[in-house]
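The lines below spell out each chain.
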Amino acid sequence: LLMILCSQAKLENDNRGINVKRGLRAKCEAGWRPGCAPAGYINRLTENRISYIDLDPERSPIIKKIFEKVANEGQSGRTIKYWLDKNKFLSRAGKRMSIGEVYRILKNPFYYGEFEFGGKFYKGKHPPIITKEIFDKAQKQLLTPPREWNKQVFPFKG
């Protein structure tokens, strides 16, 4: 009897996991990214308790400037971090952004209207902060050419 009860509980738990994955996939296919919104966006709720992602009026212009500085001026992540610290830009948690977070922002396709979830890319319904062209230009600027030391090319370097 105990084995029957335990197997029934396991079956219910497995079905719950399948239902959650199905719900998350349905939300992605509808164009809304599940989870917390990245920097520059905020999560909002409608009257029907349906969540959606909207622009953060304070942080989204700064995120746009970050992409423009990298794409047009060729600035690096470190100079962007210094610029953010100088302008006292804080995360939602009230902390300064690290260099890793700056690079995570610069590599996130969410800012031009697409997002990845579960290994697949989806077209989002959220308002984009930048265009795809600015994003692609910033990605080209972030690539650094491999260095040559003493005119010799060393293996596994770069």
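This write-up is about the structure you can find in this document. (Residues numbered from 1 in each chain as written. Predicted model: local features only at pLDDT ≥ 70, side-chain atom pairs only at ≥ 80, totals over all residues. Heavy atoms only, no water.)

**Overview of the state of the cysteines**
Here is step 1: Taken as a whole, this structure holds 0 disulfides when the rule is applied.
Here is step 2: With no disulfide partner, C36 has as its closest neighbouring cysteine sulfur the one in C28, 15 Å distant. (Disulfide = S-S within 2.5 Å.)

**Here we look at the nonpolar core**
Here is step 1: I63, F67, L84 and Y111 are the most contacted members of the largest nonpolar core, which has 27 residues in total.
Here is step 2: Contributions of two or more residues to this core are made by α2 (60–73), α3 (77–86), α4 (99–106) and α5 (132–142).
Here is step 3: No other element matches α2, which puts 5 residues into this core.
Here is step 4: Residues in contact with I63, not counting those within four places in the same chain, are A39, G40, F89, I105, Y111 and I129. (Core = buried A, V, L, I, M, F, W, Y, C linked by side-chain atoms within 4.5 Å. Buried < 20%, exposed > 50% of the residue type's maximum accessible area, 1.4 Å probe, protein only. Helix = DSSP H or I, 4+ residues; strand = E, 2+ residues; numbered from the N terminus. Contact = heavy atoms within 4.5 Å.)

**Some words on the pairing of strand β4 (residues 120–123)**
Moving residue by residue along a regular strand, the side chains alternate between the two faces of the sheet.
Here is step 1: Alignment of strand β3 (residues 114–117) against β4, held across 4 bridges, turns out to be antiparallel. Of the residues in β4, the one forming a bridge with F117 is K120.
Here is step 2: Hairpin geometry of β3 and β4 is characterised by an intervening segment of 2 residues between the two adjacent antiparallel strands and by a positive phi of about 65° at G118. (Pairing = 2+ DSSP bridges.)

**Re the packing of aromatic side chains**
Here is step 1: Scanning the model with the defined rule gives 8 aromatic pairs in all.
Here is step 2: Here a set of aromatic residues connected by ring pairs shows up, and it is made of Y41, F67, F110, Y111, Y112, F115, Y122 and F135.
Here is step 3: Between the NZ or CZ atom of R33 and the centre of the ring of F110, over which it lies, the distance is 5.6 Å. (Phe/Tyr/Trp six-rings, centres within 6.5 Å; stacked < 30°, edge-to-face > 60°. Lys NZ or Arg CZ within 6 Å of the ring centre and 35° of its normal.)

**Focus: a nonpolar patch on the surface**
Here is step 1: A contiguous nonpolar patch, built from V20, L24 and F117 and spanning about 220 Å² of accessible area, is present on the exposed surface.
Here is step 2: For L24, the position within the fold is in helix α1 (residues 2–29). (Patch = residues over 30% accessible without salt bridge, like charges linked within 9 Å, V, L, I, M, F, W, Y side chains within 5 Å. Areas by Shrake-Rupley, 256 points an atom, 1.4 Å probe, with all protein chains shown as cover. Salt bridge = Lys/Arg side-chain N within 4 Å of Asp/Glu carboxyl O.)

**Concerning the pattern of salt bridges**
Here is step 1: For the structure shown, the criterion picks out 6 salt bridges.
Here is step 2: A salt bridge links D85 to R96, with the shortest nitrogen-to-oxygen separation between them at 4.0 Å. A residue pair is termed long-range when its members are at least 10 positions apart, and D85 in helix α3 and R96 in the loop between α3 and α4 qualify at 11 residues.
Here is step 3: Between D136 and K132 there is a salt bridge, with its nearest N and O atoms 3.0 Å apart. Note that D136 and K132 are positioned in helix α5 at a spacing of 4 residues, about one turn of the helix.
Here is step 4: Assessed through its relative accessible area of 36%, K132 is described here as partly exposed.

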